[in-house]
Amino acid sequence: MEARGVWRLALPLGIAQLLFFAAPLLLLAGTSFSTDENLTQTSLRAWREVVGDTFHIQSAINTLRLGALAVCATALLAVPLALLHLAAGPVLRRIILIAAVLPLLTSVVVRTFSWIVILGREGVINTTLMGLGLTSAPIALLQTEHGLVLALTQIEMPLMLLPLIAAMARIDPALLDASASLGGSLFRTLRRVVLPLALPGLLAGATLVFASATTAFISQGVIGGGRLNYLPALVWQNAMVVFDWPLAAAMALTLMASVLMVAGLLSLLGRGARHA
Amino acid sequence: MHRFSGGDKALALLIMALAALALLVLVGPVLVVLITSFTTSQALRFPPPGLTLRWYQELFDPVRSAQIHRAAGNSLLVATLTAIAATALATGAALAIARSRAGWARFAEGAFMAPLVLPGIAFGLAALMFFSWLHLPPSLWLLVAGHAMIAGPFALRTIGASAAGLDPALLESSAALGASPWRTFRRVVLPLIMPGVAAGAFLAFVSSLDNVPVSLFLSSAQTDMLPIRLWGMMETALDVRVAAASGVLVAVAFTLLLVMDRAVGLVRRMSA
Amino acid sequence: MTEFNRRSLLAGMGAAALPLAAQAQTAMTAAVYPGGWDEALANVLAPALRARHNVSVAFDPLFAVDQIAKARAARGTPPFDVFVLDPGPRVSGIDFSLFESFDPTRLPSRGVLPDGYADAQGAAVAAQVVGIAYNPTKVPKPTGWRDLFQPQFASKLGLTGFGTTFGTISLIEMAKALGGSEANMDPLFTELRRIKPSVAAVAQPAAMPGLFQQGQIDLMYTNTYTVTLLRSRGVPIAFAVPETGAAAFVTTMHIAKGSRNIAAAYQYIDSMISTPVQTALAAAPYFFVPVNKDVTPGEDVPMRSISEINRFVTHDWSVINPLRAGWISRFNREMAG
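Predicted model only: the values in this text are computed from it and were never measured.

## A word on the overall build of chain C
Step number 1: Counting its regular elements, chain C contains 12 helices and nine strands.
Step number 2: Whereas a compact globule of 337 residues would reach a radius of gyration of roughly 20 Å, chain C reaches 22 Å, a difference of no more than 12%.
Step number 3: Counting only C-alpha atoms, chain C reaches 65 × 60 × 40 Å along its principal axes.
Step number 4: Of all 337 residues assigned to chain C, the portion counted as buried reaches 54%.
Step number 5: A separation threshold of at least 6 residues defines the contact pool for chain C, and within that pool the share at least 24 residues apart is 73%.

## Some thoughts on the overall build of chain B
Step number 1: For chain B, the helix and strand inventory stands at 11 helices and zero strands.
Step number 2: Dimensions of chain B along its principal axes, counting C-alpha atoms only, are 65 × 65 × 30 Å.
Step number 3: Per-residue burial over chain B gives 57% buried out of 272 residues.
Step number 4: Looking at chain B alone, contacts between residues at least 24 apart form 75% of all its contacts between residues at least 6 apart.

## A few points about the interface of chain B and chain C
Step number 1: The interface is formed by 41 residues belonging to chain B together with 42 residues belonging to chain C.
Step number 2: Mapped onto the side of chain B that touches chain C, the elements with two or more residues apiece are α3 (66-99), α5 (120-133), α8 (181-209), α9 (213-218) and α10 (226-237) of chain B.
Step number 3: Looking at the side of chain B that touches chain C element by element, the count peaks at nine residues for α3 of chain B.
Step number 4: Taken together, the residues of the side of chain B that touches chain C break down into 25 nonpolar, 12 polar and four charged.

## A short note on the interface of chain A and chain B
Step number 1: Each partner contributes residues to the interface: chain A has 89 residues there, and chain B has 97 residues.
Step number 2: The greatest single-element share of the side of chain A that touches chain B, amounting to 12 residues, is contributed by helix α12 (residues 245-275) of chain A.
Step number 3: The residue inventory of the side of chain A that touches chain B, partitioned by class, reads 68 nonpolar, 13 polar and eight charged.

## Points about the packing of α5 of chain B against helix α3 (residues 64-73) of chain C
Step number 1: Between α5 of chain B and α3 of chain C, whose axes approach to 8 Å, the crossing angle comes to 35 degrees. In contact with Leu-125, Leu-128, Met-129 and Ser-132 of chain B of α5 of chain B, α3 of chain C contributes Ala-69, Lys-70 and Ala-73 of chain C.
Step number 2: Counted by class, the contact of α5 of chain B with α3 of chain C contains five nonpolar, one polar and one charged residues.

## A short note on the pairing of strand β7 (residues 219-223) of chain C
All names here are of chain C.
Step number 1: With five of its five residues buried, β7 lies for the most part within the structure.
Step number 2: Burial along β7 is two-sided: Leu-219, Tyr-221 and Asn-223 and Met-220 and Thr-222, pointing in opposite directions, are all buried.
Step number 3: Across five bridges, strand β4 (residues 123-134) lies against β7 in antiparallel orientation. Residue Gly-131 lies in a different strand from β7, and its bridge partner there is Thr-222.

## Let's talk about the domain arrangement of chain C
When the parts of a complex come together, some accessible area is lost, and that lost area is often used as the size of the interface.
Residues and elements named next belong to chain C.
Step number 1: Its domain assignment divides chain C into domain 1 (23-127 + 249-307) and domain 2 (128-247 + 316-335).
Step number 2: Taking only C-alpha atoms, the centre of domain 1 and the centre of domain 2 are 27 Å apart.
Step number 3: Across the boundary between the two partners, domain 1 contributes 19 residues, which contact 19 residues of domain 2.
Step number 4: Listed by contribution, the elements that provide at least two residues to the side of domain 1 that touches domain 2 are α4 (87-95), β4 and β9 (247-255).
Step number 5: Of all the elements, α4 adds the most residues to the side of domain 1 that touches domain 2, at four residues.
Step number 6: Residue composition of the side of domain 1 that touches domain 2, by class: 12 nonpolar, five polar and two charged.

## What about unusual backbone geometry?
Step number 1: For the peptide bond that leads from Phe-46 of chain B to Pro-47 of chain B, omega is -5 degrees, which places it in the cis range.
Step number 2: One can find Pro-47 of chain B in the loop between α1 (9-36) and α2 (54-60).
Step number 3: The omega torsion of the bond from Ala-284 of chain C to Pro-285 of chain C falls at -5 degrees, within 30 degrees of zero and hence cis.
Step number 4: Mapped onto the secondary structure, Pro-285 of chain C falls in the loop between α11 (275-282) and α12 (317-335).
Step number 5: The phi angle at Asn-54 of chain C is positive, at roughly 55 degrees, despite the residue not being glycine.

## Notes on the environment of Leu-77 of chain B
Residues and elements named next belong to chain B.
Step number 1: By the secondary structure assignment, Leu-77 is in helix α3.
Step number 2: On the basis of neighbour count, Leu-77 is assigned to the partly exposed category, with 19 C-beta atoms found within 10 Å.
Step number 3: With 67 residues separating them in the primary sequence, Leu-77 and Val-144 have C-alpha atoms 9.2 Å apart.

## Section: the packing of helix α5 (residues 108-119) of chain A against α1 of chain B
Step number 1: Orientation of α5 of chain A relative to α1 of chain B, taken along the N-to-C sense of each, is 105 degrees, at an axis distance of 9 Å. By the angle class used here, α5 of chain A and α1 of chain B are roughly perpendicular. Two secondary-structure elements touch here, α5 of chain A through Val-110, Arg-111, Ser-114, Trp-115, Val-117 and Ile-118 of chain A and α1 of chain B through Gly-28, Pro-29, Val-32 and Val-33 of chain B.

## As for helix α4 (residues 90-105) of chain A
Step number 1: For α4 of chain A, with 16 residues, the first-to-last C-alpha span of 23 Å sits near the 22 Å given by 1.5 Å per residue.
Step number 2: Along α4 of chain A, the positions that sit buried rather than exposed are Ile-96, Ala-99, Ala-100, Val-101, Leu-102, Pro-103, Leu-104 and Leu-105 of chain A.

## Quick look at the nonpolar core
Step number 1: With 315 residues, the main nonpolar core has Ala-122 of chain B together with Val-82 of chain C as its most contacted residues.
Step number 2: Among the elements that make up this core, the one with the highest residue count is α3 of chain B (19 residues).
Step number 3: Not counting the four nearest positions on each side in its chain, Val-82 of chain C is found in contact with Ala-30, Ala-31, Met-253, His-254, Ile-255, Ala-256, Ala-265, Tyr-268 and Ile-269 of chain C.

## Focus on the pairing of strand β3 (residues 82-85) of chain C
All names here are of chain C.
Step number 1: Burial along β3 is two-sided: Val-82 and Val-84 and Phe-83 and Leu-85, pointing in opposite directions, are all buried.
Step number 2: Sheet analysis places β3 next to β9, joined by four bridges and oriented antiparallel. By the bridge assignment for β9, Val-82 is matched with Ile-255.

## So, the confidence of the model for chain C
Residue and element names in this part refer to chain C.
Step number 1: Model confidence for chain C is summarised by a mean pLDDT of 89, while 93% of its residues fall at 70 or above.
Step number 2: For residues 1-23, every residue scores under 50 in pLDDT, and the model assigns this stretch 22 contacts once sequence neighbours within four places are set aside.
Step number 3: Both scores are given for the predicted complex: the pTM is 0.87, the ipTM 0.88.

## Considerations on helix α9 (residues 224-232) of chain C
It helps to recall that an α-helix has 3.6 residues per turn; residues three or four apart then point in one direction.
All names here are of chain C.
Step number 1: For α9, the buried fraction is high: seven of the nine residues fall into the buried class.
Step number 2: Within α9 the residues assigned to the buried category are Thr-224, Tyr-225, Thr-226, Val-227, Thr-228, Leu-229 and Leu-230.
Step number 3: The first or second residue beyond α9 is Gly-234, which carries a positive phi of 90 degrees.

## Some remarks on the confidence of the model for chain B
Residue and element names in this part refer to chain B.
Step number 1: Looking at chain B, pLDDT values average 84 and 93% of them are 70 or higher.
Step number 2: The least confident element of chain B, judged by mean pLDDT, is helix α7 (residues 168-176) at 73; the most confident is α2 at 93.
Step number 3: Under a pLDDT of 50 for its full length, residues 1-5 has, in the predicted model, 13 contacts with residues more than four places off or in other chains.

## What about the environment of Leu-102 of chain A?
Step number 1: Summarising the element assignment, Leu-102 of chain A is placed in helix α4.
Step number 2: Sequence-wise, Leu-102 of chain A and Pro-158 of chain A are 56 residues apart; in three dimensions their C-alpha atoms are separated by 8.2 Å.

The rules behind the values
- Residues numbered from 1 in each chain as written.
- Chains lettered and ligands numbered in written order.
- Predicted model: local features only at pLDDT ≥ 70, side-chain atom pairs only at ≥ 80, totals over all residues.
- Helix = DSSP H or I, 4+ residues; strand = E, 2+ residues; numbered from the N terminus.
- Rg over C-alpha atoms; globule rule 2.2 N^0.38 Å.
- Buried ≥ 20, exposed ≤ 12 C-beta atoms within 10 Å, placed from the backbone.
- Contact = placed C-beta atoms within 7 Å.
- Nonpolar A, V, L, I, M, F, W, Y, C, P; charged D, E, K, R; others polar.
- Axes fitted to C-alpha atoms, helices over the stretch in contact; angles between N-to-C directions.
- Pairing = 2+ DSSP bridges.
- Domains from an automatic or database assignment.
- Parallel < 35°, antiparallel > 145°, perpendicular 65-115°, else oblique.
- Expected span 1.5 Å × (residues − 1).
- Core = buried A, V, L, I, M, F, W, Y, C linked by C-beta atoms within 7 Å.
- pLDDT = per-residue confidence, 0-100.

So this is what it looks like as structure tokens:
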């Protein structure tokens, strides 16, 4: 386990990804620069259609924006819950851990139904609000961006919580006590002791949530509806209904490149923070 | 938050409130599914007009739900193999990345995330095109390979977050004491990153179990997958067994989690 | 590390061999729509095929568009022996030459089909009748496609686009009712733009039953099959035949090019159209619309025999398919925001 030659440990994953991911990806890239999926003739048509069409550009922006909103919303809720986990006793810790993974256990299929139940015009939220007299008419939640972000917050929160909790597990409780006994305020303890150590977890979570929310094709379609346009649905449509594989490939690669850029940025931030 | 005694009360309250909201958001939709799974109505409906265990009985009926059982068996098998493969590959990569400051590590960290950000439908399509081009017919192994590509980044990111905090001095002293790399890994590294590895394996497992787009292309009649079957049952008939299937999964995972929790706790105690 | 890898992979390999065990008899593979079709064909057709021809069939549950995409991506090594398709994907399959040429004389039961239902491409195995589905406890029965654009109906309406066969022909029928045609969809898009802010949902077809059951929408366009199936499960839903007539089309089966089970594939399709199978499929809980002239359709189907299908509105998909990409793109844009 010396630092020299440590790269060899990454080799198996690297080779597997070359074989099973990079090679198909290359084929996809080839398709995007071609007139059809048999790569008979090169053409820039698909890329021109992606880049030269404001509708597609707007859809790409919508998708990235959705990812950013999902990251903010999940972080806003997951960080406090992870802090509670850190401070909690064994029973509450177990409850939090179980709650943290619950969303992953309900199949994406039935999840769509439960969000219709919650966000719908006659749904749980609207019934509650109207019962409390907070609103007289049902407010639109289903098929809106807010509704979709809320649903994604639930669906993606485990991806934020699990790395956060794992990262915070390394915080020595003695450190917290020491900070408190030295008269540090809660705010100071969090900022100086907890957050720096939790940061790798937070950034890992942000990457996972961002990537997952931007490609969550079924949730985007069913909860977001047809009035909101995101790239994954357009990829599906072009690949499966219109059979324009070059265009579908170009869109998929556009999405991938833009999300990777964000992920790369987050990873740089993480390294900067770690080695500061 | 007893450990933060003397701290800022308002901040503590805000944290508690947000944490409570987080719990509500996490659990609420799952409760809806669980409650729905006990409905007396013939189709998915909330709130249910009455409660019954009938849909669980139907789900476990070996004749009427035979196809679901077969698909569930396939999905569990693929998810298990995927979790094993993804976790093993990702643990190695995560350790390598965490221990290196070289440029390649930064590049690899980004590159390894790529499968996560390609829309699943595009990857599934491309993978099938590629395998067909190699004249490889759809098989369980290709399906696992495809799932492992998607699950790998989940495992890598989660294990990486744990590995990032490893103290190099600890590993060097273990090596200096004459421990083989494998022994150092098993005795020193693994216990330290175990929470991350367990979380990574779990994420890999569930991401495979719930995968629709890759299975759509790489599965065959012999490797019929559960989420695709559930999708059809839901779409055409609002079949309540779809909710009951989630109920079963929650119960199983609940048990598994308690067992895993014990195991991780055990490992931690042993390392102490 | 490597030792760890090898051991865990080997352990997995042993466990993996089980579900791939080979089957006896002649074995073939057929694509089938997931859900109701899958269940019906597995319970009715598969036993009949085994009894009559000693052929066992494994089903690959795939929607029509997925079948085409999968077969195309597989380039000549078909992932299944038989397709089941609606007219839109059928025409795509013909365009991409995914089918073996079909010889209707190899179907001993072909006499039960109306003329033209088995051709050089494949054979019809079920019909679909498309119209308006509404919740009779919430909204009055709509009289036709134009009603959907009235405020009291539009605010309860769930719209789907041109992604499915039933969605496409419903939207075409709306365009016609509004004074347009396949060649001129402008009147439809003008009206859609007008009602867009008030419609209850613009959603994927898969979401429609759930939206309907939970009261988000009370009107949608769909086929009689879905209406009967949902009503049999207690959902308050009824089928309205539009005044301009319900639209009908047939679902067809085709043999995949390169199939190595051609004889079994013919036996499979022949069993599918046979009177006992069609009778069982037309009854509860499956509710298929039979194409067999000797079988009476269920009560929701506004015809007493497939021979009456000429009274229904039908569409020429070789005209529609080339236009469809443009409509899909336009629908996306018009509905955005």
